[in-house]
Amino acid sequence: MINLKRLLTGAALATTLWQGSMAQNKSRPEDVQTFTLKNGMKFLVLEDHSIPNANFYVFWKVGSRNEVHGITGLSHFFEHMMFNGSKKYGPKQFDRVMEANGGSNNAYTTQNVTVYTDWFQSGALQTIFDLEADRIANLSIDPKMVESERGVVLSERSTGLENSNYRLLSELVQSVAFVEHPYMFPVIGFESDIKKWSQQDLETYFRTYYAPNNAVAVIVGDVTPAQVRKLAEQYIEPIPTGKLPESLRTVEPPQNGERRAVTYKDISTPNILLAYHTPENSHADYYALDLLSSVLTAGNSSRLVKSLVMDTTVASRVFSNLGEGFDPNLFTVYAVAGSGVSAEALEKAVLDQIDKVVKDGVTDKELQKLKNQKLMEFYRTMETINGKANSLGTYELFFGDYKKLYEAPSLYEKVTKEDIQRVAAKYLTTRNRTVGHLLPETKPAAGAN
């Protein structure tokens, strides 16, 4: 108890220090300047002259939730194609030009968005605009390059499933937990679809979702809003507006009974995944659910890590995740069994801890420690220009307004013990649960054919 008290006191002190240091450099909602070009592309700009660099994020509102059977994986595929040449800058030149200007880049695709990010010295801002405008307006979808990249993606898919037990099991559970909504699709796509995308599929998809009015750009760093606006009007605004895709109509119906799925692989101990349907990120329960996830698996003193990994050998690894989503998604708990532990025993151990939260709730000290952790994570993220840019774009898209980013600390602080217990009881129910087991391959009996 004394040690816990010291830890909590230390966390509170650290939080105070973080708050103090951030007071010197923290941004406010009114520091973010916004404008929308005539073609509909929205820009968020935040000046930060702490270092002579800048980040340029483009959040495209397209992910696997926009796909249908036959074209699964196309959102992720364009994450690859956007680096494979356009009218002015040919194949692989995007990276070369950026590196020559002291910059680097990355991209990621999720169920909801495809995001591109450039890090660069602020003096290269005009070059970055030129690069981005060229691939948005004039991306080459050359059939030879498509075939080459199709092979790359197929290899990425098979390697990922082979190397990641979590990915194998989560794709299976997703496909069972969702029976109507496209969150059932793996982001990378089905193998048979990847092999059969047509040239027309690709051109139609790019034209539909890569219109400037379907994106939000965020630039943070050693720039000024006037400078960004001038370059945006010069390079991005001439790109024509597109017809926005129709809103997704499909709504996942409430789950009314536990679902289960089992698969096998050459592994040493079972893996399990429990998934519960939860609301979209903009829902009022988001912050309580996020803290519930922390109660279960954030740190060695969290409920599941302590009881399953630190104090016993029931599991060798456990973590939970509240899925991000424009639409209701999944709260998941993943665990890997310790040696000699069955999937059933591991599942019971996880459920026992969840039931304790539902029945007895959490303590004041437990909740305050988690709030302190969240606050420290928030300020740590907001210390860097990259963290600011990614967070502003994420809140603009997933929470409906970048200003809500600045409300997050107070919204976490408002969550009560009763809120944690309530959301655990409301969402982590048997009827709302899908359970997946990944089991070791069974060896054939001696003498069997």
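This structure is a prediction, so every number in the text was calculated from the model and none was measured.

Right, let's talk about the sheet that holds strand β9 (residues 315–322) for a bit. Taking strand neighbours across the sheet as the criterion, the 5 strands line up as β7-β11-β8-β10-β9 in an open arrangement whose pairing is mixed. Looking at strand neighbours, the two that pair on one side only are β7 (259–265) and β9, the edges of this open sheet. Adjacent strand axes in the sheet meet at a mean angle of 15°, parallel and antiparallel pairs treated alike. Two strands pair when backbone bridges link them, and β9 and strand β10 (residues 329–337) are joined in this way by 7 bridges, in the antiparallel orientation. Paired with Asn-321 across the strands is Thr-332, a residue of β10. Each of β9 and β10 is contacted by helix α11 (residues 303–310), which is oriented at about 165° to β9, the strand it contacts most.

What follows is about the packing of α11 against helix α12 (residues 343–360). Angle between the axes and distance between the axes: these two values describe a pair of packed helices. Between α11 and α12, the shortest axis-to-axis distance is 10 Å and the interhelical angle comes to 145°. The crossing of α11 and α12 is right-handed. Across the interface between the two elements, Arg-303, Leu-304, Ser-307 and Leu-308 of α11 pack against Leu-346, Ala-349, Val-350, Gln-353, Lys-356 and Val-357 of α12. Residue composition of the contact of α11 with α12, by class: 6 nonpolar, 2 polar and 2 charged.

This part covers the pattern of salt bridges. Per the stated rule, a full pass over the model turns up 25 salt bridges. When the shortest N-O distance is used, the salt bridge between Glu-191 and Lys-195 registers 2.9 Å. Here Glu-191 pairs with Lys-195, and both are found in helix α7 (residues 191–196), just 4 residues apart, close to one helical turn. Taking the relative accessible area as the measure of exposure, Glu-191 reaches 39% and is therefore partly exposed. Among the charged side chains, a network of salt bridges with common partners joins Glu-258, Arg-260, Glu-347 and Arg-433.

The subject of this paragraph is the packing of aromatic side chains. Applying the stated criterion across every chain yields a total of 28 aromatic pairs. Note on Phe-43 and Phe-129: the rings are 6.2 Å apart at their centroids and 25° apart in plane angle, and the pair reads as stacked. Taken together, the residues Phe-43 in strand β2 (residues 42–47) and Phe-129 in helix α4 (residues 125–138) connect sequence positions 86 residues apart. Note on Phe-43: relative accessible area 0%, which makes it buried. The exposure class assigned to Phe-129 is buried, which follows from its relative accessible area of 0%. A centroid spacing of 5.5 Å and a plane angle of 90° characterise the contact between Phe-83 and Phe-94, whose relative ring orientation is edge-to-face. On the criterion of sequence distance, the pair formed by Phe-83 in the loop between α2 (74–81) and α3 (93–100) and Phe-94 in helix α3 is long-range, its members being 11 residues apart.

Turning our eyes to something else, we now look at the sheet that holds strand β4 (residues 104–109). The sheet built from 6 strands is open, its strands ordered β1-β2-β6-β3-β5-β4 with mixed pairing. The two strands at the open ends of the sheet, each matched to only one other strand, are β1 (32–36) and β4. Averaged over all adjacent pairs, the angle separating strand axes in this sheet is 15°, with direction ignored. Looking at chain direction, β2 and strand β6 (residues 215–221) are connected through 6 bridges and run parallel.

The next point concerns helix α10 (residues 286–297). Along its 12 residues, α10 runs 17 Å from first to last C-alpha, staying within 8% of the 16 Å computed at 1.5 Å per residue. All of the buried residues in α10 are Tyr-286, Tyr-287, Ala-288, Leu-289, Asp-290, Leu-291, Leu-292, Ser-293, Ser-294, Val-295, Leu-296 and Thr-297. Looking one or two residues beyond α10, the residue adopting positive phi is Gly-299, at roughly 95°.

Core analysis: the biggest nonpolar cluster contains 66 residues, and Val-218, Leu-292, Phe-331, Val-350, Leu-392 and Ile-420 have the highest contact counts within it. For this core, the element with the most residues is α10, which contributes 8 residues. Apart from residues lying up to four places away in sequence, Val-218 is in contact with Leu-44, Asn-55, Phe-56, Tyr-57, Phe-59, Ala-389, Leu-392 and Gly-393.

This brings us to the pairing of β2. Of the pairings in the sheet, the one linking β1 to β2 comprises 5 bridges and is antiparallel in character. Bridge pairing in β2 links Phe-35 to Phe-43. Following β1, the chain reverses through 5 residues before pairing antiparallel with β2; Gly-40 in that reversal takes a positive phi of roughly 100°.

Okay, the pairing of strand β3 (residues 53–60) next. Of all 8 residues in β3, 7 are buried, a share of seventy percent or more. As defined by bridge partners, β3 adjoins strand β5 (residues 114–121) across 8 bridges and the pair is classed as antiparallel. Bridge assignment links Phe-59 to a residue of β5, and that residue is Val-115. In this structure, β3 lies alongside β6, joined through 7 bridges in antiparallel fashion. Paired with Ala-54 across the two strands is Gly-221, which belongs to β6.

This part takes up the side chain of Ser-302. Relative to the helices and strands, Ser-302 is located in the loop between α10 and α11. Judged by its relative accessible area of 3%, Ser-302 is buried. A polar side-chain atom of Ser-302 sits 2.6 Å from the main-chain carbonyl oxygen of Gly-299. If sequence neighbours within four positions are ignored, Ser-302 has contacts with Ser-294, Val-295, Leu-296 and Thr-297.

Procedures and definitions
Residues numbered from 1 in each chain as written. Predicted model: local features only at pLDDT ≥ 70, side-chain atom pairs only at ≥ 80, totals over all residues. Heavy atoms only, no water. Pairing = 2+ DSSP bridges. Helix = DSSP H or I, 4+ residues; strand = E, 2+ residues; numbered from the N terminus. Axes fitted to C-alpha atoms, helices over the stretch in contact; angles between N-to-C directions. Contact = heavy atoms within 4.5 Å. Left-handed = near helix turned anticlockwise from the far one by under 90°. Nonpolar A, V, L, I, M, F, W, Y, C, P; charged D, E, K, R; others polar. Salt bridge = Lys/Arg side-chain N within 4 Å of Asp/Glu carboxyl O. Buried < 20%, exposed > 50% of the residue type's maximum accessible area, 1.4 Å probe, protein only. Phe/Tyr/Trp six-rings, centres within 6.5 Å; stacked < 30°, edge-to-face > 60°. Expected span 1.5 Å × (residues − 1). Core = buried A, V, L, I, M, F, W, Y, C linked by side-chain atoms within 4.5 Å. Polar contact = N/O pair within 3.5 Å; in protein donor to acceptor, adjacent residues only side chain to side chain.

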